[in-house]
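The chain contents come next:
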Amino acid sequence: MEGAYASPRFLAMIIMFAMVTALVQGQGTRVGFYSRTCPRAESIVRSTVQRHFQSNPAIAPGLLRMHFHDCFVQGCDASILIDGPNTEKTAGPNLLLRGYEVIDDAKTQLEAACPGVVSCADILSLAARDSVVLTRGINWQVPTGRRDGRVSLASDTSNLPGFRESIDSQKRKFAAFGLNTQDLVALVGGHTIGTSACQFFSYRLYNFTNGGPDPTINPAFVPQLQALCPQNGDGSRRIDLDTGSGGRFDTAYFANLRNGRGILESDQKLWTDASTKTFVQRFLGERGLRPLNFNVEFARSMVKMSNIGVKTSTNGEIRRVCSAIN
């Protein structure tokens with residue numbers, strides 16, 4: 001149409017929604033699944049996350065990580081929420097996750113409004129999206145219709161990528177769920193919000209190679225990290241994964257990787273490995289490469305991830321209490 005103009009951001013949003021529609025087709029989930037059975041479902045989750053976030057912003061990255069950790073073990077079925085001995089919740093990678101109380105709060109409200117209708121798995125998926133929005137990231141439509149799983153085993157958490165993991169190993173784990181290298185870089189980019197405990201990276205600061213720190217760390221950054229995490233200090237002390245921008249969902253995380261300021265060894269490898277470095281550069285819009293919009297691609301990858309191992313119909317249940325099997 002003559003005189004019409006669509007901004008690049010608007011066009012990107014149209015493309016993203018088209019991709020979302022294509023991704024969810026045939027997965028058993030769809031946008032607006034509760035529009036008739038529980039019309040206020042998404043607004044109840046959103047307001048609950050917002051209320052908890054206002055008193056404790058740390059729940060945002062906690063809920064985002066929780067959704068990731070759930071989907072990589074038994075699929076996106078809320079099995080990470082189940083209490084009990086030797087459940088996923090008790091496994092090492094999940095011990096420091098935050099935000100369980102937010103899911104429980106939302107579930108209580110939803111059971112009062114629409115008993116036995118909204119799954120814990122969908123609450124977690126919606127809460128992860130709302131957490132990104134609250135930290136000034138993109139909003140996207142979340143397909144819903146998942147049912148909750150009945151199996152939760154700590155031993156299954158070996159599927160989760162570790163903080164020392166090589167890129168090749170990370171790629172294999174992602175590929176097993178239909179996620180490619182771009183998805184890997186985008187989803188790990190969720191580390192733009194949140195913190196890590198010193199115990200998960202302080203080994204990089206002392207006697208890493210030849211008595212010195214990890215050479216991939218910017219030498220000017222090492223003293224700052226050593227001051228925050230002294231040798232033989234408090235391993236539980238937490239620092240931002242995205243130095244200088246830990247509370248905002250943005251591309252500063254990728255800029256830190258480029259500048260040798262990645263906190264986790266597995267994160268910094270996104271820059272030092274050629275197969276992932278290109279995507280970091282494209283998210284940063286570096287010249288000579290076709291740029292990628294991090295927010296849009298993160299949302300696309302989240303939709304792909306949120307359909308891993310989805311349970312529908314009789315394959316799962318709607319738990320009345322997210323921490324217990326019916």
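If you look the protein chain up in an unreviewed UniProt entry, it shows as Peroxidase from Theobroma cacao. You can read under Catalytic activity (unreviewed entry) in the UniProt record for the protein chain the words "2 a phenolic donor + H2O2 = 2 a phenolic radical donor + 2 H2O". Quoted verbatim from the Function (unreviewed entry) field of the UniProt record, the comment on the protein chain reads "Removal of H(2)O(2), oxidation of toxic reductants, biosynthesis and degradation of lignin, suberization, auxin catabolism, response to environmental stresses such as wounding, pathogen attack and oxidative stress. These functions might be dependent on each isozyme/isoform in each plant tissue."

Asker: It is not clear to me how the overall build of the protein chain should be interpreted in this structure. Could you clarify?
Answerer: Within the protein chain, the regular secondary structure consists of 12 helices and two strands. Each helix and strand of the protein chain, ordered N terminal to C terminal, gives the series α-α-α-α-α-α-α-β-α-β-α-α-α-α. Against the 2.2 N^0.38 benchmark of 20 Å for 326 residues, the protein chain shows a C-alpha radius of gyration of 20 Å, consistent with a compact globule. Its C-alpha atoms give the protein chain principal-axis dimensions of roughly 65 × 60 × 35 Å. Residues classed as buried in the protein chain amount to 52% of the 326 residues present. The long-range share in the protein chain, meaning contacts at least 24 apart out of those at least 6 apart in sequence, stands at 75%. For the protein chain, the exposed surface amounts to about 14,300 Å²; the carbon and sulfur share of it is 52%. Across the protein chain, 35 positive and 28 negative side-chain charges occur, with their mean positions spaced 3 Å apart.

Asker: Help me understand helix α5 (residues 120–134), please; the structure alone is not making it clear to me.
Answerer: Side chains three or four residues apart in an α-helix point the same way, a direct result of the helix having 3.6 residues per turn. With 15 residues, α5 extends 21 Å between its outermost C-alpha atoms, agreeing within 8% with the 21 Å of an ideal straight helix rising 1.5 Å per residue. For α5, the tally of buried residues reaches 13 of 15 residues, placing the bulk of the element in the interior. Following α5 by one or two positions, Arg136 has its phi on the positive side, about 70°.

Asker: Mind showing me how you'd approach the state of the cysteines here?
Answerer: In total, this model carries four disulfides according to the counting rule given. The disulfide partner of Cys38 is Cys114, and the gap between their sulfur atoms is 2.1 Å. Linking Cys38 and Cys114, the disulfide has an S-S dihedral of approximately 80° and is accordingly described as right-handed. Of this pair, Cys38 sits in the loop between α1 (8–24) and α2 (41–55) while Cys114 sits in the loop between α4 (100–113) and α5, and the two are 76 residues apart along the sequence. When sorted by exposure, Cys38 lands in the same class as Cys114, which is buried.

Asker: How do you make sense of the UniProt feature "active site" (unreviewed entry) in the protein chain when you look at a structure like this?
Answerer: Mapped onto the present numbering, the UniProt feature "active site" (unreviewed entry) falls on His69. Note that His69 resides in helix α3 (residues 59–71). Using a relative accessible area of 14% as the deciding quantity, one classes His69 as buried. Setting aside its immediate chain neighbours within four residues, His69 contacts Ile80, Pro93, Asn94, Leu97 and Leu160.

Asker: Please explain the side chain of Gln170 as it appears in this structure.
Answerer: Mapping Gln170 onto the fold places it in helix α6 (residues 167–175). Overall, Gln170 belongs to the buried group, its relative accessible area being 3%.

Asker: How do you make sense of empty space enclosed by the protein when you look at a structure like this?
Answerer: Empty space among the atoms becomes apparent when a probe as large as a water molecule is rolled across them. With the rule as written, the count across this model stands at two cavities of 30 Å³ or more. Taken together, His67, Ser125, Arg129, Trp140, Val142, Pro143, Arg146, Met302 and Ser306 form the lining of the largest cavity. In terms of residue class, the lining of the largest cavity is built from four nonpolar, three polar and two charged. Taken as a whole, the second largest cavity encloses approximately 30 Å³ of empty space. Contributing to the lining of the second largest cavity are Leu81, Lys89, Tyr100, Ile103, Asp104, Cys322 and Ser323. When the residues that make up the lining of the second largest cavity are grouped by side-chain class, the tally is four nonpolar, one polar and two charged.

Asker: Looking at this structure, how should I read the pattern of salt bridges?
Answerer: Within this structure, the stated rule accounts for 17 salt bridges. Arg320 is the partner of Glu111 in a salt bridge, and the nearest nitrogen-oxygen pair spans 3.8 Å. Of this pair, Glu111 sits in helix α4 while Arg320 sits in the segment after α12 (294–305); the two residues are 209 residues apart in sequence, bridging distant segments of the chain. Given a relative accessible area of 48%, Arg320 falls into the partly exposed group. Between Glu317 and Arg150 there is a salt bridge, with its nearest N and O atoms 3.3 Å apart. In this pair, Glu317 sits in the segment after α12 while Arg150 sits in the loop between α5 and α6, placing the two residues 167 residues apart along the sequence. According to the relative accessible area criterion, Glu317 is buried, its value standing at 10%. Judged by its relative accessible area of 42%, Arg150 falls in the partly exposed class.

About the cut-offs
Residues numbered from 1 in each chain as written. Predicted model: local features only at pLDDT ≥ 70, side-chain atom pairs only at ≥ 80, totals over all residues. Heavy atoms only, no water. UniProt positions renumbered as here; feature names shortened; annotations may be inferred. Helix = DSSP H or I, 4+ residues; strand = E, 2+ residues; numbered from the N terminus. Rg over C-alpha atoms; globule rule 2.2 N^0.38 Å. Buried < 20%, exposed > 50% of the residue type's maximum accessible area, 1.4 Å probe, protein only. Contact = heavy atoms within 4.5 Å. Areas by Shrake-Rupley, 256 points an atom, 1.4 Å probe, with all protein chains shown as cover. Lys, Arg positive; Asp, Glu negative; His and termini not counted. Charge placed at Lys NZ, Arg CZ, Asp CG, Glu CD. Expected span 1.5 Å × (residues − 1). Disulfide = S-S within 2.5 Å. 1 Å grid on protein atoms, 1.4 Å probe; cavity = no way out; pocket = protein on both sides within 12 Å on 5 of 7 lines; lining within 4 Å. Points joined across faces, edges and corners; volume = space filled by probe spheres on them. Nonpolar A, V, L, I, M, F, W, Y, C, P; charged D, E, K, R; others polar. Salt bridge = Lys/Arg side-chain N within 4 Å of Asp/Glu carboxyl O.

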